[in-house]
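# Descriptive structure summary
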Amino acid sequence: STLFPYTTLFRSVGPNFTSISNFIKKEKDKLVAIFEQAERDRIIQNAIKYEESGIATVLKQTFNATIKVPKGFIIRKQTDNFVWISHETPKISQGLIVYKFPYTEKNTFSAEYLLKKRDEVVNQIPGPTDGTYMITSQVFPPNFSPMMYKDRYFGILRGFWDVYKHPMGGPFISFSTLDEKSQTIINVEAYVYAPSANKRNYLRQVEALVYTLEVN
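Note that this is a predicted model, so its numbers are computed, not measured. (Residues numbered from 1 in each chain as written. Predicted model: local features only at pLDDT ≥ 70, side-chain atom pairs only at ≥ 80, totals over all residues. Heavy atoms only, no water.)

### Notes on the packing of aromatic side chains
Both the distance between ring centres and the angle between the ring planes are used here to describe each pair of aromatic rings. Under the convention used in this document: When the centres of two rings from Phe, Tyr and Trp lie within 6.5 Å, Trp using its six-membered ring, the rings pair. Their planes under 30 degrees apart give stacked, over 60 give edge-to-face, and anything left gives tilted. Each helix is a run of H or I in the DSSP string that is no shorter than four residues. Each strand is a run of E no shorter than two, and both are numbered from the N terminus. A ring has a charge above it when a Lys NZ or an Arg CZ is no more than 6 Å from the ring centre and no more than 35 degrees off the ring normal.
Considering all chains together, one arrives at nine aromatic pairs under this definition. When the ring of Phe 101 is compared with that of Tyr 113, the centres are 6.1 Å apart and the planes differ by 55°; the resulting orientation is tilted. In this pair, Phe 101 is assigned in strand 4 (residues 93–102) and Tyr 113 in helix 4 (residues 111–122), connecting sequence segments twelve residues apart. Judged by centre distance (6.0 Å) and plane angle (55°), the ring pair of Phe 140 and Phe 160 falls under tilted. Highlighted residues: Phe 140 in the loop between strand 5 (134–136) and strand 6 (143–149) and Phe 160 in strand 7 (residues 152–163), separated in sequence by 20 residues. By way of ring pairs, the aromatic residues Tyr 149, Phe 154, Phe 175 and Tyr 211 are connected into one cluster. Above the ring of Phe 101, the side-chain terminus of Lys 117 is found at 5.0 Å from the ring centroid.

As structure tokens, this is what we get:
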């Protein structure tokens with residue numbers, strides 16, 4: 001995607017090919033993590049450099065939070081507690097869904113509760129024909145995991161979305177966190193639609209924007 005240019009190079013030096021090969025096999029998980037972090041940092045810096053100030057203003061006013069979103073993304077729909085943002089090309093769609101709701105349940109940070117709330121919100125995103133809208137796919141149930149990032153707790157959902165009564169879908173990752181001051185749950189979701197392409201890198205690109213979330 002031209003919005004997210006990146007090139008990461010790794011150079012390994014050793015006495016012979018076998019030693020280099022053994023090193024890469026042994027440390028492959030660490031090396032992958034380094035590549036992913038470098039890619040994420042580059043995307044974030046690009047988003048900061050080319051931030052869409054109009055989107056930043058809307059997110060600040062609606063959620064008392066900021067997310068670095070680069071130019072090329074457009075707000076498709078907004079209400080008092082929901083903002084849908086996306087970047088569209090003829091072949092792919094990369095989007096962010098930001099919404100909030102009151103923190104009233106002790107079991108909020110669970111797959112069941114967060115998915116229930118998600119389905120109450122994403123049906124506002126219309127499909128390509130009348131009567132169609134976004135839903136959560138149940139073919140592969142979403143996975144929930146906790147994460148600490150910048151001293152803030154997040155509940156992470158990874159799964160797939162579908163469109164009700166239409167053959168359309170893709171992957172999503174959702175970050176949920178508590179705004180302690182307002183006792184509000186803030187959810188930021190990244191999703192991709194790319195039916196003719198490998199979706200992993202496209203999702204990582206838009207997911208990186210979620211990592212720029214700052215509350216209060």
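Let us keep going from here.
### Some thoughts on the nonpolar core
Spelled out, the test is: What makes a nonpolar core is a set of buried Ala, Val, Leu, Ile, Met, Phe, Trp, Tyr and Cys residues whose side-chain atoms join them at distances within 4.5 Å. Note on exposure labels: buried denotes an accessible area under 20% of the residue type's maximum, exposed denotes more than 50%, and partly exposed covers the range between, all computed with a 1.4 Å probe on protein chains only. Here, two residues are considered to be in contact whenever any of their heavy atoms come within 4.5 Å of each other.
Within the largest apolar cluster, 33 residues are counted, with the highest numbers of intra-cluster contacts made by Leu 59, Ile 85, Leu 96, Val 188 and Val 206. Put simply, the parts of the chain that give this core at least two residues each are helix 2 (28–49), helix 3 (53–63), strand 3 (82–88), strand 4, strand 7, strand 8 (166–179), strand 9 (184–193) and helix 5 (200–210). Aside from chain neighbours lying at most four places away, what touches Val 206 is Phe 73, Gln 94, Gly 95, Leu 96, Ala 190, Tyr 191 and Val 192. By size, the runner-up hydrophobic cluster in this structure holds 20 residues, among which are Ala 111, Trp 161, Leu 178 and Tyr 191.

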